[in-house]
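A structural walkthrough
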Amino acid sequence: MKSHLHPKNNITINPSGNESILDVIGRVSMKRRRFVVTAASTSILAVLGDTTVSGLLQTATASTSTVPAGLGFAGIGFQSIEPNLRNAETGLLEKDLVSVPPGYTARILSAWGDPIMPGAPDWLPDASQDAAAQEKQVGENHDGMHFFPLPGKSYYNRTSGLDVPVEGRAYNRRGILCVNHEYTQEHFLHTDGNTVMTIEKARKSQAAHGVSIQEVSKDRFGGGWSVDRNSRYGRRITVNTEMRVSGPAAGDALMRSKKFSIQPNGSIEIGVNDGFTAYGTLNNCAHGITPWGTYLTCEENFQGYFANSTFVAGQDDDIVNIPGLEGKKADIVNGQRRYGIPAASNYYRWAEVDPRFDAFNNPLEPHLFGWVVEIDPYEPNSKPVKRTSMGRIRHESAQYVVDDNNRLAFYMGDDNVNEYIYKFVCSRTYDPKVRANNRDILDHGTLYVAKFNDNGTGEWLPLVWGQRGLTPENGFNNQAEVLIKTRQAADRVGATMMDRPEWVAVRPRIRGFNEVEVYCTLTNNSRRGTTPASVNSADGTTPGGSARPPVDAANPRENNRYGHIIRWRETGRSVAATTFEWDIYVLAGDSQRTEPNLQGNINGDDFSSPDGLWFDYYGRLWIQTDHSGDGTGNLVNIGSNTMLCANPNDPRQIKLFLTSPTECEVTGVTTTPDHRTMFINIQHPGDGGTTEEPNKVSNWPHSQGHGPSGRPRSATVVITKNDGGIIGT
């Protein structure tokens, strides 16, 4: 997210001199960088007909042309649209709309504050509603999401992790939509902002976080999509929802924070948690799903909700009054620094009125956040589960692959500059026939972190207690501590610091393409290649995001303003492989800039700060962007945030599919199983508005025909093709 009021994961500083980007990329052999050029087997040629792989990859498609089908890719049929640029006279973008290509239509499905469950009131545009109302309405600032078809049968492709297109069935017209809510815009959420903080405002903000689960359906007689506000599936999961903690860290002393009775008018301390229970999920950014049909919501920037009034280690050691933690206050405080917990919460300000978020007096509470949380959308009474085997980081997403041997792995990014890419490999095989047999599969396995070598090869380094320095001498007393202190463990084993690893996408194995190929957006990093050079210390004491690593082959640009997308292939097509080959799929940039370091290596449509990433079943790669979205400065030729569609065989073939309103992020993407309806989210539109003048910058989605005017609202958008065809054709 790049809301100007949200805690930042990137800091702008002056660049320093370094070798050119071409010199750095040149250190990786062409063979490895272009590993997508696979030897054309007889079966592949049969799929492609007269089109050769090399011929396909050497053909650059102009922005106005369609893109033909190829290896593992069904082609792109729409024409690129024009970017939404800034109007020099008004200082705003030309359009306060979501725009899509000719032949497509974009409509609003639901927005922040819309009712989704029985008893929920309609949204009031003056923001006067309280926490009780918000707990029954759509949350604020939508992010990752997924469509689960109804009736509740799974229609997932076990090898790609994507919905298998099955046309003409009822489950293409009705389903459960799970939507993350990353954070709140406090200046819009409350009538008078949060300059004066109260527990009532904190409770409303907490209620606007989390996940919205809503039943959606399409009118079978040609009408549009709508939300069933009386559905039995409709529910809200918030910062105060009770959850179960599972896996190796469950019950550990470091998870036994203070226990509170959470009341509307305050949090009352009543003892100590058992380590198997947590309350709430927050900063829910990207997401994942499982092949057995559950939702994975990922907790990202949890640090900004806490405050530690003093970081003086060793003081008040008796605050940690848990057996086994005597004398560990210094280690706990250093852990808070490593994850970026501030001395004062100067935005949300929850710690001022809710003692649960006071990280000085309740120092173990931050350990209950930063996890992947599993939710069963088909069981409204089920309790969400925090899966500690998958590590505690600022999770951006968790995308799965099931290989040919039913081995299951999840790939994840830690969204902060200079952080790492991870994968979790389940030790038990996935059972595609009996859903219940997969119930606790996420509690057992090995967490790995990636090391990218300059020669185009890579290694998965296991984060296993007792190995590679993860020992008591270095502050890791068991596997629970390795997982609670995942960042410190990754520092210790020598993982590669990356340029803000965000969404991960897995390429489907279709049309003759059989590799396990994974992509990750590296959104930006203004600290890369700057002086004085520094790296994350192996002892885990480097404050989050503070290092200034030199450029390397996997992160080849100093002051990486525009970001890039990296990808890798697992050795032997196995998710359990401990080695891989990688290349850079694309460097984002502005082709009209004269500085080579800013142009990128794209000849398709320009873009900046890739964030959201998703493959559809047909092998199309959808890219969503997250920059300031105002069309100024480095974005003058790029304009608003966008969604693009790309050919994974050739990064020169990238088409601009969607543009957005002013100062918003485009994020979240999913489709119905037949791929004829797409859902995307718009987050924090019109962020430059004020409490006194909310619509100063944007009046979206009212400007697109949804709801009353009053203040801009995040919303879910439904995109369909006018002829009823598949999205992307």
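These notes cover the structure that comes with them. Since we're looking at a predicted model, the values are computed, not measured.

1. Digging into the overall build of the chain
Assigned secondary structure in the chain consists of 11 helices and 32 strands. For the chain, with 729 residues in total, the buried portion stands at 64%. Residue pairs in contact within the chain that sit at least 24 positions apart in sequence constitute 70% of those at least 6 positions apart.

2. Quick word on the sheet that holds strand β24 (residues 564–570)
Strand order in the open sheet made by the nine strands is β15-β16-β18-β19-β20-β25-β24-β23-β22, with antiparallel pairing throughout. The open sheet has two free edges, formed respectively by β15 (399–402) and β22 (501–506), since each of these has just one partner strand. The average undirected angle you get between the axes of adjacent strands in this sheet is 30°. When strand β19 (residues 445–452) meets strand β20 (residues 457–462), the two strands line up antiparallel, connected through five bridges.

3. So, the state of the cysteines
Considering all chains together, one arrives at zero disulfides under this definition. For the unlinked cysteine C298, the closest cysteine sulfur is that of C285, found at 8.3 Å.

4. Let's talk about helix α7 (residues 199–208)
The periodicity of an α-helix, 3.6 residues per turn, causes residues three or four places apart in sequence to face the same way. Taking burial as the measure, the 10 residues of α7 include nine buried ones, the bulk of the element. Turning to α7, its buried residues number three or more, namely I199, K201, A202, R203, K204, S205, Q206, A207 and A208.

5. Describing the side chain of Q683
Along the chain, Q683 turns up in strand β31 (residues 677–683). A polar atom in the side chain of Q683 sits 2.9 Å from the backbone oxygen of H142. A polar contact of 3.0 Å, which involves the side chain of Q683, links it to the side chain of E182.

6. Describing the nonpolar core
Core analysis: the largest hydrophobic core is formed by 47 residues, its most contacted members being L408, F410, Y422, V449 and L463. Not counting residues up to four positions away in its chain, the partners in contact with L408 are P291, W292, Y400, V401, V402, F424, V425, C426, Y430, I441 and V575.

7. Remarks on the pairing of strand β32 (residues 715–721)
The buried count for β32 comes to seven of seven residues, which makes it a mostly enclosed element. Along β32, one buried face is formed by A715, V717, I719 and K721 and the opposite face, lined by T716, V718 and T720, is buried too. Alignment of strand β1 (residues 104–111) against β32, held across seven bridges, turns out to be antiparallel. The residue of β32 that forms the bridge with A111 is A715. Bridge analysis of β31 against β32 gives six bridges, and the strand direction is antiparallel. When the bridges of β32 are listed, N681 appears paired with T716.

Conventions adopted
- The numbering scheme is per chain: residues are counted from 1 as the chain's sequence reads.
- The predicted origin of the model limits local features to residues at a pLDDT of at least 70 and limits the giving and counting of side-chain atom pairs to 80 or more, whereas totals for whole chains, interfaces and linings rest on all residues.
- Side-chain measures were taken over the full set of non-hydrogen atoms in the model, leaving aside hydrogen atoms and water.
- Secondary structure elements follow DSSP: runs of H or I of four or more residues count as helices, runs of E of two or more count as strands, with numbering from the N terminus.
- Only protein chains enter the calculation, and the probe is 1.4 Å; a residue is then buried if its accessible area is under 20% of its type maximum, exposed if over 50%, and partly exposed in between.
- Contacts: residue pairs with any heavy atoms within 4.5 Å of one another.
- Pairing between two strands is assigned when DSSP locates at least 2 bridges connecting them.
- Here, axes are lines fitted to C-alpha atoms. For helices the fit covers the stretch in contact, and angles between N-to-C directions go from 0 to 180 degrees.
- Two cysteine sulfur atoms form a disulfide, by the criterion used here, when they sit within 2.5 Å.
- In protein, a polar contact requires one atom able to donate a hydrogen and another able to accept it; more generally it is a pair of N or O atoms within 3.5 Å, and residues adjacent in sequence count only if both atoms are side-chain atoms.
- For this analysis, a nonpolar core means a set of buried residues of the types Ala, Val, Leu, Ile, Met, Phe, Trp, Tyr and Cys, connected via side-chain atoms within 4.5 Å.

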